[in-house]
Amino acid sequence: MTDHDPTEEAESSTMLSETRRTILKGIGAFGAVSVITNEFDQVSAYETNDHLAQTPPMGWNSWNQFACDISAELIKETADAMVESGMREAGYEYINIDDCWMASERDDDGNLQPHPERFPNGIEGVAEYVHDKGLKLGIYSSAGTRTCQGLPASLGYEEQDARSYAEWGVDYLKYDNCYNQGVDPRDRYAAMGKALRKTDRDIVYSICCWGKYDIYKWGADVGGNLWRTTGDIKPVWNANDSAWYEGIVDIIDLNEPLAQYAGPGHWNDPDMLEVGVEVEGYPGLSDREARAHFSMWAFMAAPLLAGNDIRDMDETTQKILTNEDVIALNQDPAGVQGYRLTVDGKQEVWKKPLANGDVAVALFNRGDSTKTFGTTAEALDLEDSAGNSSGFVVDDLWTKETRFTRGPIKDSVPSHGVTLFRVRQGTPDDAPSAVTFDVDGGSDSIERGETRSVTVSLTNDGRTAVEDIELNLDAPDGWNVSPQSAVTFDNAAPGKSIETSWEVTAPEQIDQGEYEFTLHASYTWDDGAKTASTSTVWELETLPAPPTGETYLSDHEWVDATIGWGSIGLDESVNGNVLTIGEATYEKGIGTHAESEITYWLDGTMSQFVADVGVDDEVTGKGTVRFSIVGDGETLTETDVLTNGDDPVSLSVDVSSVDKLTLVVTDGGDNINYDHADWADAQVLE
């Protein structure tokens, strides 16, 4: 990852007006650029690409995991892994090479050239290898004078480059938006769309303009099969408001309102998958978050382009990426992008009608605690006009369990998790009654040694009574769990609930983290002919012991931390050097980078926070930041904008009664650009 202002590679000037569609001539870093003469009103009616990508494209892209560290060998090995891992069989088809595949200059005839070291034998041989595996090859360029990494791009060379791609055997083009010179985007993207159609090869056209220009309204008219609806994705659940990239939930919010523009041959693209992606400077996704991410992309009829190193992925990642039932939702021939049906705080119910009349349901919990919620068959329009139905079969696409319900469709969904159902009318003889659980453990944070009461209710949403009910709560090693009421019950009639409770005590010595509690329920139905079990999860995030005496925070465990670039430095700068502000050096402290937040648990035991703050000297002439100190969500103090070369600013803040202390660094207002920030000698005092 490069430490720079990402906006430096974006548009170099503002958009031209609608009436000014004169295109550049004789500018650009890589030689003269010819005049583009096709204006949008002249190309909007030409043959589109809708015969391609009848379902959302599936494949892999090199950028998220490897960036510019690519080669012909990597692409070939990835094609091998696509086959060996079962991904090809699951429907993944494209192996897409992103930026940095090309040489730094075109050849004497103006043709793009593959990088001589990364692709010494050209792209054509790689394409043949990929095709021999039963796969297809994708490639990258930009609708500007340069790619986002400063290499030759295709503005003014559209027909020449499209011919090269076709001759090489390319099947997919990702077309970016960097260094676009302010040229009208419809002209730029139409020119390449038209050039691709002039070749004798079917090439899927992926427009990557970062969600700008209302592309979803006209992308298909210029030949696009998919178009980016958001900024760049990163492996985070959600990003800071001022971050240049987007997190999973940020992108969901941006993409969901555009459902009407998606369909066979033309898809909204919320960017590539981050399942299993591990890159320095970003926290990555938990397994549960990765399942939710994959589920929601599938539900939104998004292209499924894996971004991880599929040559070396763990079993969980492989199972997520190859879940055939979830993929079937994504590839459903009706091509409907799922949408929100209801929202209740952080809990959302989504609906996706399917080609065969079934309805897919996503119960998406973006909150920080387990919640039981759902919908009804009536709300999904599954009942006929008279409201007649014998019941509904509900298939859970992750647990692979099948349930029968009279109409309620709900589940207990963990934080940052999702339940995916496929629902249809029917009365299968072997499906158990739908039973759901509601777990109430109070706050999701618990201190070492604390005792908490957990209440569980079981509700029978089926058609017949469930009987011989027994509930058990399993806890991790070292935790004490004691029932406080009956855990066995004779029956629960249809529509009825039962309730029980446990006392849970955390160990005195335990590491910070999440701890999973699983509720097991066994019961019978239909005269005891069948038995089944299910489980739900309650998360507890233990808090570290608060500091005592005078404590340097670089020696103390934090509760949570995010950073805009790189890794947080303990007693060193973000680049690993001695902490230095205005030529003053410090042995202790924290080195970070805007935008960052570091949260510590004080438990109201400390009286004062002190630190010297400023931009580290290692970024000579660069960097502007602002420091803020937040206590329990309230800003206690903040600095003016500090720049490189400023003397350190001494802070001393009253933190008495503060439970959670958060150290915040934000950009100084000129975009994130070498914003290396130091919390030197940061201490809390009793």
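Preceding block: the structure.
Read on for an overview of the structure.

Conventions we followed
Residues numbered from 1 in each chain as written. Predicted model: local features only at pLDDT ≥ 70, side-chain atom pairs only at ≥ 80, totals over all residues. Heavy atoms only, no water. Helix = DSSP H or I, 4+ residues; strand = E, 2+ residues; numbered from the N terminus. Buried < 20%, exposed > 50% of the residue type's maximum accessible area, 1.4 Å probe, protein only. Contact = heavy atoms within 4.5 Å. Patch = residues over 30% accessible without salt bridge, like charges linked within 9 Å, V, L, I, M, F, W, Y side chains within 5 Å. Areas by Shrake-Rupley, 256 points an atom, 1.4 Å probe, with all protein chains shown as cover. Salt bridge = Lys/Arg side-chain N within 4 Å of Asp/Glu carboxyl O. Lys, Arg positive; Asp, Glu negative; His and termini not counted. Charge placed at Lys NZ, Arg CZ, Asp CG, Glu CD. Disulfide = S-S within 2.5 Å.

1. Quick notes on the overall build of the protein chain
Here comes step 1: Along its length, the protein chain carries 12 helices and 40 strands.
Here comes step 2: With 686 residues in all, the protein chain has 57% of them scored as buried.
Here comes step 3: For the protein chain, restricting intrachain contacts to residue pairs at least 6 apart in sequence, the fraction spanning at least 24 positions comes to 73%.

2. Describing a negative patch on the surface
Here comes step 1: On the surface, Glu 124, Glu 128, Asp 132, Glu 167 and Asp 200 cluster together to form a negatively charged patch.
Here comes step 2: Among the secondary structure elements, Asp 132 is positioned in helix H5 (residues 122-132).

3. Details of the state of the cysteines
Here comes step 1: Applying the stated criterion across every chain yields a total of two disulfides.
Here comes step 2: With a sulfur-sulfur separation of 1.8 Å, Cys 68 is cross-linked through a disulfide to Cys 100. With a gap of 32 residues between them, Cys 68 in the loop between helix H2 (63-66) and helix H3 (72-84) and Cys 100 in the loop between strand S2 (94-96) and H5 connect regions that are remote in the sequence.
Here comes step 3: On the basis of relative accessible area, Cys 68 is assigned to the partly exposed category, the value being 22%.
Here comes step 4: Assessed through its relative accessible area of 2%, Cys 100 is described here as buried.

4. Digging into the pattern of salt bridges
Here comes step 1: Applying the stated criterion to the full structure yields 29 salt bridges.
Here comes step 2: For Lys 400, the salt bridge goes to Asp 325, with nearest N and O atoms at 2.7 Å. Here Lys 400, found in the loop between strand S13 (392-396) and strand S14 (402-405), pairs with Asp 325, found in helix H12 (residues 324-330); they are 75 residues apart in sequence, far enough to count as distant.
Here comes step 3: For Lys 400, a relative accessible area of 44% translates into the label partly exposed.
Here comes step 4: Looking at Asp 325, the relative accessible area reads 28%, which means it is partly exposed.
Here comes step 5: One salt bridge in this structure joins Glu 348 and Arg 366, with 2.7 Å as the shortest N-O distance. Taken as a pair, Glu 348 in strand S10 (residues 347-353) and Arg 366 in the loop between strand S11 (359-365) and strand S12 (371-376) lie far apart in primary sequence, 18 residues in all. Per residue, the accessibility class of Glu 348 equals that of Arg 366, and both read buried.

5. Quick look at unusual backbone geometry
Here comes step 1: Put simply, Ala 594 and Glu 595 share a cis peptide bond, and its omega is -10°.
Here comes step 2: Inspection of the secondary structure assignment puts Glu 595 in the loop between strand S32 (589-593) and strand S33 (596-601).
Here comes step 3: Its identity is not glycine, yet Ala 67 carries a phi of approximately 50°, on the positive side.
Here comes step 4: For Ala 67, the position within the fold is in the loop between H2 and H3.
Here comes step 5: On the accessibility criterion, Ala 67 (26% relative accessible area) is partly exposed.
Here comes step 6: Non-glycine residue Tyr 674 carries a positive phi angle of around 55°.
Here comes step 7: Looking at the element boundaries, Tyr 674 is found in the loop between strand S39 (660-667) and strand S40 (676-685).

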